[in-house]
Amino acid sequence: MTNAEETASMESAAGEKASGVGDDSRSAISPDPSFLGQVEEIGEERLTPCFQCVKCSGGCPLTFAMDVLPHQLVRMVQMGLKQEVLKSSTIWLCAGCETCSTRCPNGVSIAHLMDVLRQIALTEGVEPAEPEVAGFHTAFLDEIRAGGRLHEMGMVRRYKFRTRKWMKDAGLGWRMFSRGKLKLLPVRIRDREWLKKVIPRFRR
Amino acid sequence: MCRLQTNGKVIMDRNLSYYPGCSLHGTAEEYDASTREICALLGVGLHELDDWNCCGASSAHVLSKEASVLMPARNLALAGREGKDLLVPCAACYGRSKAAQAALEEDASLRDKFGETFAEDPPAKVSIVSLLDVLAEPAMLHRIQEQVKKPLAGLKTVCYYGCLLVRPPRVTGAANYEAPESMDHVLTAVGATPLPWSYKTDCCGGGLAIGRSDLVAKLVDDLLMQAIDAGAEALVTACPMCQGNLDTRQQEARQAFERDYELPIFYISELVGLALGHPGVDAWWRKHLLDPRPLLRARELM
């Protein structure tokens, strides 16, 4: 972008902003004051002790891929920015390594917070920002629901139907199969009655 | 203490319930085989739980707190009936089982839910141990040292513990959770050279391997580059997800970041088995995507 173009684009952005003043339909954020309470109740933990020391984001191995950093996400929950939080890629990219929860000086379990947010997002039908990650988790549980143990080939089949990524990892799959790491047939446990009661099924 | 009888028969002096988990019956069969076989050599009897189920691993806790507790709780109830300590070699299963045990202890409503679902009392308390817990006990280290037939002299490795064996310490009870040393002690006992490095407990990406393998490749690349910087020619793990990601995503990482590394990724049990002179090690190496045999030949270990 040339200097002139840059100036022009900044001016037009400023112009849009000016025209939005006093216009209710252009409200940039719509906080939901009940969101913090909802998250704290489901997660059974208080989030208000967070004083933004940024230690969670400092140690997080996946910040390079996240659209919102973990400490920002906690602040956004405190502020009631429900849609922004539930639509973030961050809640799906957390690998659950627990570094944040381990290092938080205020005892906030941020990794657990991510679980709670993913559960709210799925139950309230929010489109996941990372459909492949969500699809992996739901396919995984579908497979366990059926037989009680993970059968990798069955899980991958369900994953592909959920995400339509038909050819992804086909070569790797073959290399693993040829070393006997992937079994053709599932092993099912005998006592399966409880599985459908305990393991939820999600559309996404 | 276990004593080798004159007829070569080992008397088991410690008996444990054994929960292999799904990975050890699938993608990580070499971890299962090497764990069973070294335990037999070291006088530890393993008794697999009958009709065990998946612990929910990387996914149940993401989608349902209740499922993430009740699934491991059923296994804990099976183990409770046996009354022995429970060996869980998979780090994910270990972490989830410990988390479920803690949740049941703290939360009466989960105990009620357990009773409602399985029509029995909540599981009796059993001690859940990892393979490193078993191998790194002082008496066991001594026994390993005594039984080493082929010291792994000259094998330069870094110990990679990953996340769930140590974190969160509130659940795992790990004392030295930022810089654990148990695996280093085991490797030293078998004559290998574990090198110091700062990435012992950094994450490999775990369950993102299928949905976002590109991110896992980045984390794998970071770990391998750090290991190489430390002077290592192989990494040693005690987790099927760590070993799996580092082994199966190494090619993707090599291509994405234009590297030429080829580092074998061992399970600690495999290296102990090699040092104890187990005759069946070759079957384990065949399971690896990145064949460790050229390195072992170069170090005159096979």
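Residues numbered from 1 in each chain as written. Chains lettered and ligands numbered in written order. Predicted model: local features only at pLDDT ≥ 70, side-chain atom pairs only at ≥ 80, totals over all residues. Heavy atoms only, no water.

A. How the structure looks around the sheet that holds strand β4 (residues 128-129) of chain B. Residue and element names in this part refer to chain B. Spatial strand order, β2-β1-β3-β4: four strands in an open sheet with parallel pairing. At either end of the open sheet lies a strand with only one pairing partner, and these are β2 (44-48) and β4. Pairing of strand β1 (residues 14-18) with strand β3 (residues 86-87), which is carried by two bridges, proceeds in the parallel orientation. Among the inter-strand pairings, Ser17 is bridged to a residue of β3, identified as Leu86. Seen against the sheet, helix α2 (residues 29-41) touches β1, β2 and β3 and runs at an angle of roughly 135° to β2. (Pairing = 2+ DSSP bridges. Helix = DSSP H or I, 4+ residues; strand = E, 2+ residues; numbered from the N terminus. Contact = heavy atoms within 4.5 Å. Axes fitted to C-alpha atoms, helices over the stretch in contact; angles between N-to-C directions.)

B. Representation of the side chain of B:Asp184. Tracing the backbone shows B:Asp184 in helix α10 (residues 182-189). Given the relative accessible area of 10%, B:Asp184 is considered buried. (Buried < 20%, exposed > 50% of the residue type's maximum accessible area, 1.4 Å probe, protein only.)

C. Spotlight on the interface of chain A and chain B. Counting residues at the interface gives 54 residues for chain A, matched by 54 residues for chain B. Where chain A abuts chain B, roughly 4,800 Å² becomes buried across the two surfaces, and 61% of that area is made up of carbon and sulfur atoms. Summed over the three residues of chain A that lose the most area to chain B, namely A:Arg149, A:Lys181 and A:Trp194, the buried surface amounts to 14% of that side. On inspection of chain A and its partner chain B, the count reaches seven salt bridges. On inspection of chain A and its partner chain B, the count reaches 23 residue pairs in polar contact (both at pLDDT 80 or more). Listed by contribution, the elements that provide at least two residues to the side of chain A that touches chain B are α6 (90-93), α7 (99-103), α8 (110-123), α9 (131-147), α10 (152-163), α11 (170-178) and α12 (195-198) of chain A. Looking at the side of chain A that touches chain B, the element that brings in the most residues is α9(A), giving eight residues. Broken down by class, the residue content of the side of chain A that touches chain B amounts to 27 nonpolar, nine polar and 18 charged. (Buried area = accessible area lost by both parts, 1.4 Å probe. Salt bridge = Lys/Arg side-chain N within 4 Å of Asp/Glu carboxyl O. Polar contact = N/O pair within 3.5 Å; in protein donor to acceptor, adjacent residues only side chain to side chain. Nonpolar A, V, L, I, M, F, W, Y, C, P; charged D, E, K, R; others polar.)

D. Layout of a nonpolar patch on the surface. Residues and elements named next belong to chain A. Taken together, Phe161, Trp166 and Met167 make up a surface patch of nonpolar side chains, about 380 Å² in accessible area. Counting through the fold element by element, Met167 comes out in the loop between α10 and α11. Using a relative accessible area of 66% as the deciding quantity, one classes Met167 as exposed. (Patch = residues over 30% accessible without salt bridge, like charges linked within 9 Å, V, L, I, M, F, W, Y side chains within 5 Å. Areas by Shrake-Rupley, 256 points an atom, 1.4 Å probe, with all protein chains shown as cover.)

E. Spatial organisation of the packing of helix α4 (residues 65-82) of chain B against helix α6 (residues 108-118) of chain B. All names here are of chain B. At their nearest, the axes of α4 and α6 sit 10 Å apart, and the two run at 65° to each other. Remark: the crossing between α4 and α6 carries right-handed chirality. Facing α4, whose interface residues are Lys65, Glu66, Val69, Leu70, Ala73, Arg74 and Ala77, α6 presents Leu110, Lys113, Phe114, Thr117 and Phe118. Here the residues of the contact of α4 with α6 are counted per class, giving seven nonpolar, one polar and four charged. (Left-handed = near helix turned anticlockwise from the far one by under 90°.)

F. Region of the structure containing the domain arrangement of chain A. Considered domain by domain, chain A is made up of domain 1 (35-123) and domain 2 (131-198). The straight-line distance from the C-alpha centre of domain 1 of chain A to that of domain 2 of chain A is 28 Å. (Domains from an automatic or database assignment.)

G. A look at the pairing of strand β5 (residues 156-159) of chain B. All names here are of chain B. Sheet topology note: the β5/strand β6 (residues 193-194) ladder contains two bridges and is parallel. The residue of β6 that forms the bridge with Thr157 is Pro194. In terms of strand pairing, β5 meets strand β7 (residues 234-237) through three bridges, oriented parallel. Bridge pairing in β7 links Val158 to Leu235.

H. The arrangement of the nonpolar core in detail. Of all hydrophobic cores here, the largest spans 156 residues; its most connected members are A:Leu117, B:Leu235 and B:Ile268. Beyond its immediate chain neighbours, meaning those up to four positions away, B:Leu235 contacts B:Val158, B:Tyr160, B:Trp197, B:Leu224, B:Ala227, B:Leu246, B:Leu263, B:Pro264, B:Ile265 and B:Phe266. (Core = buried A, V, L, I, M, F, W, Y, C linked by side-chain atoms within 4.5 Å.)

I. Molecular detail of α10(B). Among the residues of α10(B), B:Met183, B:Asp184, B:Val186, B:Leu187 and B:Ala189 are the ones counted as buried. Of the residues one or two after α10(B), B:Gly191 is the one with positive phi, at around 90°.

J. Molecular detail of the environment of A:Val39. All names here are of chain A. Relative to the helices and strands, Val39 is located in helix α2 (residues 35-43). Sequence-wise, Val39 and Lys82 are 43 residues apart; in three dimensions their C-alpha atoms are separated by 9.9 Å. Leaving out residues up to four positions away in the same chain, Val39 has contacts with Leu47, Val77, Leu113, Val116, Leu117 and Ile120.

K. Geometry of the domain arrangement of chain B. Residues and elements named next belong to chain B. Partitioning chain B into structural domains gives domain 1 (14-129) and domain 2 (138-298). Taking only C-alpha atoms into account, the centre of domain 1 sits 23 Å from that of domain 2. Counting residues at the interface gives 25 residues for domain 1 and 25 residues for domain 2. Both sides of the domain 1 and domain 2 interface together cover about 2,100 Å² of buried area, and 70% of this is carbon and sulfur. Counting the surface domain 1 buries against domain 2, the share from its top three residues, Glu30, Tyr31 and Leu42, is 31%.

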